[in-house]
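# Structural characterization, general
One-letter residues, chain by chain:
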Amino acid sequence: MAFINDVRFEVDKRAILARLKSHLPSQAILVDEEELRPYECDGLTAYRAMPLLVVLPETEAQVADILRACHALKVPVVPRGAATGLSGGAMPHEDGVVLSLARFKKILKIDPLSRTAVVQPGVRNLAVSEVAAAYGLYYAPDPSSQIACTIGGNVAENSGGVHCLKYGLTVHNVLKVRGFTIEGDAIEFGADGLDAAGFDLLAIINGSEGLLAVITEVTVKLTPKPELAQVVLAYFDDVQKAGNAVADVIAAGIIPGGLEMMDKKATHAVEPYVKAGYDLDAEAVLLCESDGTPAEVAEEIERMKAVLEKSGATSLVVSQNEADRLRFWAGRKAAFPAVGRITPDYMCMDGTIPRKRLAEMLEAIETLSGKYALRCANVFHAGDGNLHPLIMYDANQPGELERATAFGFEILELSVRLGGTITGEHGVGVEKVDLMAAQFSPAEISAFHRLKAAFDPDGLLNPGKGIPTLARCREYTQTRGTTSPSPTATPPRF
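Residues numbered from 1 in each chain as written. Predicted model: local features only at pLDDT ≥ 70, side-chain atom pairs only at ≥ 80, totals over all residues. Heavy atoms only, no water.

- An unreviewed UniProt entry lists the chain under the name FAD-binding protein, with Candidatus Proximibacter danicus given as the organism.
- Turning to the chain, the UniProt annotation filed under Cofactor (unreviewed entry) states: "FAD". (UniProt positions renumbered as here; feature names shortened; annotations may be inferred.)

### Some words on the overall build of the chain
- When you go through the chain residue by residue, the secondary structure sums to 17 helices and 18 strands.
- Taken against the 2.2 N^0.38 rule, which gives 23 Å for 494 residues, the C-alpha radius of gyration of the chain at 23 Å falls within 12% of a compact globule.
- For the C-alpha atoms alone, the extent of the chain along its principal axes is close to 65 × 55 × 45 Å.
- The 494 residues of the chain split such that 56% are buried.
- In the chain, of all internal contacts separated by at least 6 residues, the share reaching a separation of at least 24 is 72%.
- Put simply, the chain shows about 19600 Å² of open surface, and 52% of that area lies on carbon and sulfur atoms.
- The positive charge centre, built from 48 side chains, and the negative charge centre, built from 63, are 2 Å apart in the chain. (Helix = DSSP H or I, 4+ residues; strand = E, 2+ residues; numbered from the N terminus. Rg over C-alpha atoms; globule rule 2.2 N^0.38 Å. Buried < 20%, exposed > 50% of the residue type's maximum accessible area, 1.4 Å probe, protein only. Contact = heavy atoms within 4.5 Å. Areas by Shrake-Rupley, 256 points an atom, 1.4 Å probe, with all protein chains shown as cover. Lys, Arg positive; Asp, Glu negative; His and termini not counted. Charge placed at Lys NZ, Arg CZ, Asp CG, Glu CD.)

### Quick notes on the environment of alanine 359
- Mapping alanine 359 onto the fold places it in helix α13 (residues 358-372).
- Here the alpha-carbon distance between alanine 359 and aspartate 238, two residues 121 residues apart in the chain, equals 9.8 Å.
- Not counting residues up to four positions away in its chain, the partners in contact with alanine 359 are Gln240, Gly243 and Asn244.

### Structural notes on the sheet that holds strand β5 (residues 107-111)
- Sheet architecture is open: five strands sit in the order β5-β6-β10-β8-β9, paired in antiparallel fashion. In this open sheet, the two edge strands, each paired with only one partner strand, are β5 and β9 (186-190). Along the sheet, successive strands turn relative to each other by an average axial angle of 15°, direction set aside.
- Bridge count between strand β8 (residues 174-180) and strand β10 (residues 214-221): six bridges; the pairing is antiparallel. Residue phenylalanine 180 lies in a different strand from β10, and its bridge partner there is valine 214. (Pairing = 2+ DSSP bridges. Axes fitted to C-alpha atoms, helices over the stretch in contact; angles between N-to-C directions.)

### Here's the deal with the packing of helix α8 (residues 239-251) against α13
- In the contact formed by α8 and α13, the axes pass within 7 Å of each other and the chain directions differ by 150°. With respect to α13, the element α8 is oriented roughly antiparallel. Two packed elements cross with a definite hand, and for α8 against α13 that hand is right-handed. Across the interface between the two elements, Val239, Gln240, Gly243, Asn244 and Val246 of α8 pack against Leu358, Ala359, Leu362 and Glu363 of α13. (Parallel < 35°, antiparallel > 145°, perpendicular 65-115°, else oblique. Left-handed = near helix turned anticlockwise from the far one by under 90°.)

### Quick notes on the confidence of the model for the chain
- Residues at a pLDDT of 70 or more form 96% of the chain, whose mean pLDDT is 94.
- This stretch, residues 483-494, has a pLDDT under 50; its non-local contacts, to residues over four places away or in other chains, come to 31 contacts. (pLDDT = per-residue confidence, 0-100.)

### Some points on the pairing of strand β12 (residues 228-236)
- Counting buried positions along β12 gives eight out of nine residues, so the element sits mostly inside the fold.
- The pairing of β12 with strand β14 (residues 284-292) spans nine bridges and is classified as antiparallel. Within β14, the residue paired with valine 232 across the bridge is cysteine 288.
- In terms of strand pairing, β12 meets strand β15 (residues 315-318) through four bridges, oriented antiparallel. Pairing of alanine 234 across the sheet is with leucine 316, part of β15.

### Description of α8
- Given a rise of 1.5 Å per residue, 13 residues ought to cover 18 Å, and the 19 Å separating the end C-alpha atoms of α8 matches this to within 8%.
- Within α8, burial applies to Val239, Ala242, Gly243, Ala245, Val246, Val249 and Ile250. Taken down its axis, α8 places every buried residue within 155° of arc, on the same side.
- The opening residue of α8 is aspartate 238, an N-cap whose side-chain oxygen sits 2.9 Å from the backbone nitrogen of glutamine 240.
- Among the residues trailing α8, glycine 253 stands out with phi positive, at a value near 85°. (Expected span 1.5 Å × (residues − 1). Arc of directions from axis to C-beta. Polar contact = N/O pair within 3.5 Å; in protein donor to acceptor, adjacent residues only side chain to side chain.)

In structure tokens:
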């Protein structure tokens, strides 16, 4: 695993501190080690770094001033939201400034007629739906961390959630993003309407992981709340059968509101924590949700039950009221913290594969679990093939972190070989930067660097993440045996 601090900058701490003090109140600048320590990592706690300092602006003008100062003095900047991310995307740079958007937490406007909300990046995902509920609306993307994660972070990582199969990822639910370049210039992506003139740069900023701009305002789409939603719990005596059932549901022309999967290790972790009522004897459970009018839901539930029974489900349980439905989903959404209760540490992988290969992947993960002598609980956004294997380890035990990392690498490399990707929604960050060489050619990676350079020529925004240098591609190739990058391509230094 390559670390973020292999990209170094010569920074005059006193000069940047003096410059920032001229733009920000003293309480908005953190410099003491005790104050900086909480910022040393995000949700990927295996890798940490202490920032030079942290700034907490409250206005767009302050954000612009911070960026101008850092650009002038060539100081790297790492934007940070709630830091619930799981790929190290908000991990600080030791030579740089962490720019926290935690104080940008206002919902600026709810427009029920256009079904939009204008929010600052520090607004929690769930808070948007809570405010929109008065108008019979909600914000559809619902990451498991929605109680804490922020809209700005959701855009940076292009987050999904348990209902993304039917309602889309963040990129499908955002109309406009406002932010600032590293030079401190205001920039907007997208428009208030359905389309915008020129290139589709809105798709570029979604999932850009803080590499292109600092987000200060987001316009999101709101979705009408369905009249009714019901969940079918389908239990299986074999995880491969459950994996194949996912493909069978979609092949039958059914697009559920949500289609999730957990294996036996996951349900055994979840049930004591949430008491969702899961059958602990089953090897796997699928959660299949239907939403719409009562007539639509009744018809779709019957169709789903027929497909699931034919696919080998040993038993089916249908939610009878909203309390049941929320309880069933509470178990799935609590899978990550539940596993955290039974292991000192875990890594959450994020590969995505074609649905028809789910059973094959599950079998491979079980084999890898034996190879590395580490437990792995499997949780899936099964409907869109997004894997979340939770590799359990103890960082205090020599060699376990290294084994967990190697285990995760093999899962993601296999995801690519099966026709998928190394990340579905958690981003590349620090965790997967070297694995970009497993998925993309040298020409593609060089193109990524050119795009990055168009926004940030000096490589000051979130350096060392997301896109590997070609030198790191060559190092990956030598150790992992993939196609060697061209030695003639020379991307900018990041």
